[in-house]
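Secondary and tertiary structure notes
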Amino acid sequence: VHVPGQNAIPPGARIRTYPVVQRYNWLWIWMGDPAQADEEKIIPYPWKTSEDWGDKGTYFHVRSDYKLIVDNLLDLSHLAYVHASTIGNTAVAEHAITRTLKDDESVTVARWTVGQNPPPTYQKMAGWGPDDIVDRWQIIEFRPPGAVRLFTGAAPGAAEGKEFGFTELERETPAGGFGFHNLNFITPETANTCHYIRSTAHDVQPLTDQV
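The present account deals with the structure reproduced in this document.

Reading the values: rules and limits
Residues numbered from 1 in each chain as written. Predicted model: local features only at pLDDT ≥ 70, side-chain atom pairs only at ≥ 80, totals over all residues. Heavy atoms only, no water. Helix = DSSP H or I, 4+ residues; strand = E, 2+ residues; numbered from the N terminus. Buried < 20%, exposed > 50% of the residue type's maximum accessible area, 1.4 Å probe, protein only. Contact = heavy atoms within 4.5 Å. Pairing = 2+ DSSP bridges. Axes fitted to C-alpha atoms, helices over the stretch in contact; angles between N-to-C directions. 1 Å grid on protein atoms, 1.4 Å probe; cavity = no way out; pocket = protein on both sides within 12 Å on 5 of 7 lines; lining within 4 Å. Points joined across faces, edges and corners; volume = space filled by probe spheres on them. Nonpolar A, V, L, I, M, F, W, Y, C, P; charged D, E, K, R; others polar. Core = buried A, V, L, I, M, F, W, Y, C linked by side-chain atoms within 4.5 Å.

1. Some points on the side chain of T152
Along the chain, T152 falls in strand β7 (residues 147–155). Among the residues examined, T152 registers a relative accessible area of 10% and is labelled buried. Apart from residues lying up to four places away in sequence, T152 is in contact with L76, Y122, W137, Q138, I139, F178, G179 and F180.

2. Focus: the sheet that holds strand β5 (residues 107–116)
The seven strands are arranged β3-β9-β8-β7-β6-β5-β4 in an open sheet whose pairing can be described as antiparallel. Both outer strands of the open sheet, β3 (54–62) and β4 (97–102), are each paired with one neighbouring strand and no more. Across the sheet, the axes of successive neighbouring strands diverge by a mean angle of 15°, strand direction being ignored. Examined bridge by bridge, β5 and strand β6 (residues 134–143) share eight bridges and lie antiparallel to one another. Residue pairing in the sheet places A110 in a bridge with I139 of β6.

3. Quick word on the pairing of strand β1 (residues 20–23)
One ladder, built from four bridges, connects β1 with strand β2 (residues 26–29); its direction is antiparallel. Looking at β2, one finds that V20 is bridged to I29. Hairpin connection between β1 and β2: a loop of two residues separates the two successive antiparallel strands, and Y24 in this loop has a positive phi of roughly 60°.

4. Side note on the layout of surface pockets
Considered as a void within the structure, the largest pocket measures approximately 1,200 Å³ in volume. Taken together, 30 residues form the lining of the largest pocket, with W28, I29, W30, K41 and F185 sitting closest to its centre. Breaking the lining of the largest pocket down by element, the ones donating at least two residues are β1, β2, β8 (178–190) and β9 (193–204). Classifying every residue of the lining of the largest pocket gives 19 nonpolar, five polar and six charged. By volume, the second largest pocket amounts to about 650 Å³. Contributing to the lining of the second largest pocket are 26 residues, with H83, I87, N182, R198 and T200 lying nearest its centre.

5. Description of empty space enclosed by the protein
Overall, the coordinates contain one cavity of 30 Å³ or more when judged by the stated rule. The space that makes up the largest cavity amounts to roughly 40 Å³. As for the largest cavity, its lining consists of N89, A91, V92, T113, Q116, N117, P118, V134 and R136. For the lining of the largest cavity, the secondary structure elements donating two or more residues are α3 (90–94), β5 and β6. Tallied by class, residues from the lining of the largest cavity come to four nonpolar, four polar and one charged.

6. Points about the nonpolar core
In terms of nonpolar packing, the biggest core is built from 23 residues, with W28, W112, W137, I139 and F151 touching the most fellow members. Only β2, β5, β6 and β7 provide two or more residues apiece to this core. Element by element, the count of residues in this core is highest for β7, at three residues. Of all hydrophobic cores here, the second largest spans 18 residues; its members include I69, A80, I140 and V148.

Right, here's the structure in full:
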């Protein structure tokens, strides 16, 4: 729009622009037809900027087809083998009950592990011992082509005496529990590489209002 020292701007002196929105401390770019850009289609993730939740973001350049990461996130039984020192344990693979829910815009896998011991990270964050008994939930929502949201966590009695608890992703962490909200975006780069951006927010709820 301005060239110092001359009045005429060469017709070719321009770059392509894209619609961009700043939300949840991220920049969202639409690289298709600008007329089809729609802010309302941005995946809701208010926990990233909520004062009640702690948040950490990570970026990975991954040498694989992006769909393999989506598969990995939808099947969290792998936590028992890949993340045994943090968020995985035998129970999450051997004792989980799984349901799959679908609508026109998403696929949700809900997993409950009821009446089992918490994994190491849950013990540390919530102050539980390795022999404590909790109900653990894993709600995983996939929205094509590459967005995966999760609400995972555990609390004593979270399943309310049933073998399977709630399936909603947008809800409060039960009292006395520990919860994660997680947002994953996987963008293809080539047939065998992709960009993997993720954010993890955590919340610890006391048993009562008095801490």
